[in-house]
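Observations on the model geometry
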Amino acid sequence: MFINIKIMRLNTFTKILTVFLMICTIFSANAAEIWVSKSGSDTNIGTKVSPLATVQMAVRKARELRRLKDASIKDGIRIIVMNGTYYLNEPLFIRPEDSGTAESPTTIEADVSAKPILSGGIEIKNWTKSPLSINGLQKGTVWVADAPKKAGELINYRQLWVNGKKAVRAKSTSGNTMDRILSWDHESQTCWIPFKDKSIKYEPGMEMFIVQWWSTANLRIKNIEVKKDSARLSFEEPEGRIQSEHPWPAPWISKNNGNSAFYLNNGISMLNEPGEWFLDPKNAKIYYYPKAGEDINTEKITVPVLENLVEVKGTIDSPVSHFNFKGISFEYSNWLRPSQQGHVPLQSGMYLLDAYKLKEPGTPNQANLENQAWVGRPRAAVEVNYSTTIQFESCRFEHLSSTGLDLNKGTNHNTVKGNLFKDIGGSAINVGIFSEEAFEAHLPLVIKDEREMCSDEIIADNLITDVTNEDWGTLGISAGFVRNITIEHNEISDVSYSGIAMGWGWTHTENVMKNNKILANKIHHYAKHLHDVSGIYTLSSQPNSRIEENYIDKVYNSPYAHDPFLWMYLYTDEGTEGFTVKNNWIATERILKNHNGPKGNIWEYNNPYVSPKIKDAAGIRAPYKDLTKEVVIDEAWGLQELPKPVAIELIGTDFDIEKIKSTTKGFRIVGEELYQWKNHLVIYGKMNQPERTKRKLALAFPSLQIKIYENPVYNFQNFERCKDSKPADEWENIVLTANLPADEKMQKEYVDYHTTQFEKWPEIAKGFCNADFQQLQVFKNERQLILIISIPKGESLDKLNPKTTENNPRVDEWNALMKKYQTGIEGAKPDETWIFLNKVITKE
């Protein structure tokens, strides 16, 4: 008996030892490992051969290891997630108790070569052909399925994806076209629209999507009152009141550019194009009109359920720390606020809770402020609050309805690097406090506890593409009140509005912002839908901040923008001061400095002449360069034409200079300057649509003769023609005018000489290089010439011009040859040929 007991005890010990050793195999020599698999079970122990089923359970196990101070976590905890889609019933919540340490971080990471997806969506299955003839379409054209429910309640959503491609919520206009409103009555809070298509019927849940300046709005329609070919819309509250009371941004009425663009959506009567869908809440059905070639039975159709997929949230005293995500995909988040309360943003997607115009402008902070606004913040797929040393690396944020990643309050020393942000309805990344809901949006943020600040974040080497595709007024990266933040080496493309915005508050008053950096980013194909836009945009005072060595190029043509000329590469808006803006490669000097702070900003070398090395170095670095294979560019959309050098001559008397400047202001002429000689006034700069500028000037000054000089017959550019050229940062223009002979044959000879000069008379360009001429352009209108000579600012033509002939006799030969083709304009003295126009000094 004793022997048997001893043997039994030995067997029991052996089993315990075996289990202990088995559990120990979960942990590597470097860190504890907890495995998660689609085929796992949360009752398993979490090894690779016996994995868990959910990341939530893995986080709980990791938390317990830390609570028990298990020796295995000395070098950290790795939660390794195998391939597959993990559907979330609730957000993954990371708490202070889940924190690691610098020596022992916790990381949720993808298994080798795996793509684990945390999904907030649900698949729609069991589609059948609709027996109904919907909107005149043949029966069976539209497919129908039961709309999914949760706890007996219909799940609401505003987006639907077919095989990862977003479908279109049924709307009133075809393709990318929009209609224009007829008027907006702020007093009655109604809008008149054209309404020729009487097949559109009002139904509860219908919405209006409207473009207004630098933002858009989603308005739930309360009623449609049809009168002949027009209709008056009224709206639900609270958005009806907010939309009509807030002054900026608002619907516009414009004879020149067209009224605010809009479309109606979310009604079954508008379901009439392939690729459109509609959720019928009354009958709990969902309808989809397939595109050509789509087999509904083999397509994966997904709708979002959860607004938030992951929440990392600590407290001010116990922040979450040393927690990492690596190689994880976050997909299919919802965005419900527009369906519940409408959506009327102030800027950057921050929606208005209340807003109105002041009867008497002025606040203690800003003497001329005319409006008040309080804003809320949109939900994000991944939200981070009161957290430090959190890292997102090589993750994918895709198919998200609102913001992708939000680093909000009390976040610092976090890193976001090497991630993909693609197909996102709002901003890819929001970072920092914008305004608390109880805090007026135009006030400078001053905080008493530094731990509330968003600071020392690094956002680097991310690809942000095809984002802002629901709320067009959002951005690639949007930073509010932040400090010591670095946004560097990201690539941003295919966005509806601006690429990067930094700052909030519209004020030069001292606030928490300082030491921020936007460096070496590549931004292109932006401004797809909205204007008052820029590649990089700033607000408010931010001492010791830098915008340097970015590459900004290729601006989309926005067909429904309120102002076709209001697009920029760099834009320092209200209150901006304290920035050094330097060595940014931009396609042309299209820059706006709007009501900047009194301390100003430093501007140096922001033009297309910046070193190509800066252009080449911008954007994503190794080891994340493969991300660039995912870049989205809408080639069919079309790009803005670059403004070209043009001179407009006004001939007459009594020029009203201020009125002329006011007339041309809206055309955003790059480098605009005025020059005058007697009754000749020349406006010179880089322009879009000079004919339109001429027409407006003619309306304002009907007595003046107006001539356009464009497409120069000769165009010497230093950076193109001079070896080792480094064009000056600032230029001064000398403007001259002369006539050609009346003989058309001689006029043609003159043009031919200049057309072939670089080839047949190369010494002339060499002389211009020797004199450091930055450019020399000759424009012709009929027989009159306008000559533009640009030299480095601070130099003089008298000093530089003799250098054109030094050891260069061919220049003298050229000048002698040209004399016979040149004569003075009317009013010139007999011995005068080229007339110098004097620069007109105007008020800024």
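It should be noted that the structure appears before, not after, this text.
Owing to the predicted nature of the structure, the values given are computational and were not obtained by experimental measurement.

**What to know about the overall build of the protein**
Across its full length, the protein carries 13 helices and 64 strands. By residue count, 57% of the 844 residues in the protein fall in the buried class. Summed over its atoms, the accessible surface of the protein is roughly 37,000 Å², and 50% of this surface lies on carbon and sulfur atoms. Positive and negative charge centroids in the protein, built from 99 and 106 side chains respectively, lie 3 Å apart.

**Section: the side chain of Thr411**
Mapped onto the elements of the fold, Thr411 is located in strand E35 (residues 411-412). A relative accessible area of 0% places Thr411 in the buried class. With sequence-adjacent residues up to four places away left out, Thr411 is seen in contact with Val384, Asn385, Tyr386, Ser387, Met453, Cys454, Ser455 and Glu457.

**A word on the sheet that holds strand E49 (residues 533-538)**
Strands belonging to one sheet form pairs held by backbone hydrogen bonds; the direction of such a pair is parallel or antiparallel. Strand order in this open sheet of 10 strands is E4-E25-E31-E34-E38-E42-E46-E49-E52-E54, and the pairing throughout is parallel. Every other strand in the sheet has two partners, leaving strand E4 (92-94) and strand E54 (591-593) as the edge strands with one partner each. Neighbouring strand axes in the sheet, compared pairwise and without regard to direction, differ in orientation by 15° on average.

**Section: helix H13 (residues 809-819)**
All of the buried residues in H13 are Val811, Trp814 and Met818. The buried residues of H13 all sit within an arc of 60° when viewed along its axis, so they share a single face. Opposite the buried face of H13, by more than 90 degrees, sit the exposed residues Pro809 and Lys819. Lining the buried residues of H13 we find helix H9 (744-755), helix H10 (757-760) and helix H11 (762-770).

**Overview of unusual backbone geometry**
Cis peptide bonds are those with omega within 30 degrees of zero, and the linkage from Glu237 to Pro238 qualifies with 15°. Looking at the element boundaries, Pro238 is found in the loop between strand E20 (230-235) and helix H3 (239-245). Of the consecutive residues Ala622 and Pro623, the connecting peptide bond is found in the cis state with omega at 5°. Its identity is not glycine, yet Asn163 carries a phi of approximately 50°, on the positive side. We classify Asn163 as partly exposed; its relative accessible area is 44%. Despite not being glycine, Lys678 shows a phi value in the positive range, around 50°. What makes Lys678 exposed here is its relative accessible area of 55%.

**Here's the deal with the pattern of salt bridges**
If you walk through the whole model with that rule in mind, you get 44 salt bridges. Residue Glu630 is joined to Lys422 by a salt bridge in which the shortest nitrogen-to-oxygen separation is 3.0 Å. Of the two residues, Glu630 is situated in the loop between helix H5 (612-617) and strand E56 (644-651) and Lys422 in strand E37 (residues 420-424); the sequence distance between them amounts to 208 residues. If you follow the salt bridges from partner to partner, you end up with Lys115, Glu331, Arg396, Glu398, Lys422 and Glu630 in one network.

**Section: the packing of aromatic side chains**
Counted under the stated rule, the structure contains 32 aromatic pairs. Taking 6.5 Å as the distance between ring centres and 70° as the angle between the ring planes, the aromatic pair formed by Phe330 and Phe392 counts as edge-to-face. A residue pair is termed long-range when its members are at least 10 positions apart, and Phe330 in strand E27 (residues 329-333) and Phe392 in strand E32 (residues 387-393) qualify at 62 residues. As far as burial versus exposure is concerned, Phe330 and Phe392 are alike and both buried. Look at Tyr609 and Trp731: their rings are 5.6 Å apart centre to centre, the planes differ by 20°, and that puts the pair in the stacked class. With Tyr609 in the loop between strand E55 (602-607) and H5 and Trp731 in strand E61 (residues 731-739), the pair connects residues that are 122 residues apart, well separated along the chain. Among the residues examined, Trp731 registers a relative accessible area of 23% and is labelled partly exposed. Cluster of aromatic residues (ring-pair linked, three or more members): Phe323, Phe325, Phe330, Phe392, Phe397 and Phe421. Here the guanidinium or amino end of Lys528 rests over the ring plane of Trp637, the centre of that ring lying 4.9 Å away.

**Let's talk about the state of the cysteines**
Under the defined criterion, the tally for this structure stands at one disulfide. Each sulfur in the disulfide pair Cys722 and Cys769 lies 2.0 Å from the other. Handedness of the Cys722-Cys769 disulfide follows from its S-S torsion of about -90°: it is left-handed. Placement of Cys722 in the loop between helix H8 (718-721) and E61 and of Cys769 in helix H11 is noted, with a sequence separation of 47 residues between them. Note on Cys395: no disulfide assigned, nearest cysteine sulfur contributed by Cys454 at a separation of 18 Å.

**Points about the sheet that holds strand E17 (residues 190-194)**
What the seven strands build is an open sheet, ordered E15-E21-E18-E19-E20-E17-E16; its pairing is antiparallel. Both edges of this open sheet fall to strand E15 (179-180) and strand E16 (183-185), since each of them pairs with a single strand only. As paired strands, E16 and E17 are joined by three bridges and run antiparallel to one another. Paired with Asp185 across the strands is Thr190, a residue of E17.

**Remarks on the packing of H9 against H13**
Look at H9 against H13: their axes get within 11 Å of each other, and the N-to-C directions meet at 160°. If you check the angle between H9 and H13, you find them roughly antiparallel. Considering the relative orientation of H9 and H13, their crossing is left-handed. Where H9 approaches H13, its residues Tyr750, Tyr753 and His754 are matched on the opposing element by Trp814, Leu817 and Met818. Tallied by class, residues from the contact of H9 with H13 come to five nonpolar, one polar and no charged.

**Here's the deal with the nonpolar core**
The biggest cluster of nonpolar side chains holds 149 residues, and the ones touching the most others in it are Met208, Phe325 and Phe330. Looking at this core, the element that brings in the most residues is helix H2 (residues 55-67), giving six residues. Setting aside residues no more than four positions away along its own chain, Phe325 makes contact with Leu92, Ile94, Ile108, Val310, Val312, Phe330, Gln391, Phe392, Glu393 and Cys395. Formed by 25 residues, the second largest nonpolar core is a distinct cluster that contains Ala771, Leu776, Leu797 and Tyr821.

**Here we look at the environment of Ala647**
Topologically, Ala647 is positioned in strand E56. Residue class for Ala647 comes out buried when judged on its relative accessible area of 0%. Taking the C-alpha atoms as reference points, Ala647 and Gly685, 38 residues apart in sequence, are found 6.8 Å from one another. Non-local contacts of Ala647, meaning those with residues more than four positions away in its chain, are made with Val682, Ile683, Tyr684, Lys707, Ile708, Tyr709 and Ile786.

**A few points about H2**
Owing to its 3.6 residues per turn, the α-helix aligns residues three or four sequence positions apart on the same side. Compared with the 18 Å implied by 1.5 Å per residue over 13 residues, the 18 Å span of H2 between its first and last C-alpha is a close match. The set of residues buried in H2 consists of Val55, Met57, Ala58, Val59, Ala62, Arg63, Leu65 and Arg66. The inward-facing, buried residues of H2 abut strand E1 (32-36), strand E2 (77-81), E4, strand E5 (106-110) and strand E6 (116-119). Positive backbone phi, at 55°, marks Lys69, one or two positions downstream of H2.

**Side note on the environment of Ile193**
The residue Ile193 is located in strand E17 in this model. Looking at Ile193, the relative accessible area reads 0%, which means it is buried. Separated by 37 residues in the primary sequence, Ile193 and Ser230 place their C-alpha atoms 5.7 Å from one another.

Quick notes on the rules
- Residues numbered from 1 in each chain as written.
- Predicted model: local features only at pLDDT ≥ 70, side-chain atom pairs only at ≥ 80, totals over all residues.
- Heavy atoms only, no water.
- Helix = DSSP H or I, 4+ residues; strand = E, 2+ residues; numbered from the N terminus.
- Buried < 20%, exposed > 50% of the residue type's maximum accessible area, 1.4 Å probe, protein only.
- Areas by Shrake-Rupley, 256 points an atom, 1.4 Å probe, with all protein chains shown as cover.
- Lys, Arg positive; Asp, Glu negative; His and termini not counted.
- Charge placed at Lys NZ, Arg CZ, Asp CG, Glu CD.
- Contact = heavy atoms within 4.5 Å.
- Pairing = 2+ DSSP bridges.
- Axes fitted to C-alpha atoms, helices over the stretch in contact; angles between N-to-C directions.
- Arc of directions from axis to C-beta.
- Salt bridge = Lys/Arg side-chain N within 4 Å of Asp/Glu carboxyl O.
- Phe/Tyr/Trp six-rings, centres within 6.5 Å; stacked < 30°, edge-to-face > 60°.
- Lys NZ or Arg CZ within 6 Å of the ring centre and 35° of its normal.
- Disulfide = S-S within 2.5 Å.
- Parallel < 35°, antiparallel > 145°, perpendicular 65-115°, else oblique.
- Left-handed = near helix turned anticlockwise from the far one by under 90°.
- Nonpolar A, V, L, I, M, F, W, Y, C, P; charged D, E, K, R; others polar.
- Core = buried A, V, L, I, M, F, W, Y, C linked by side-chain atoms within 4.5 Å.
- Expected span 1.5 Å × (residues − 1).

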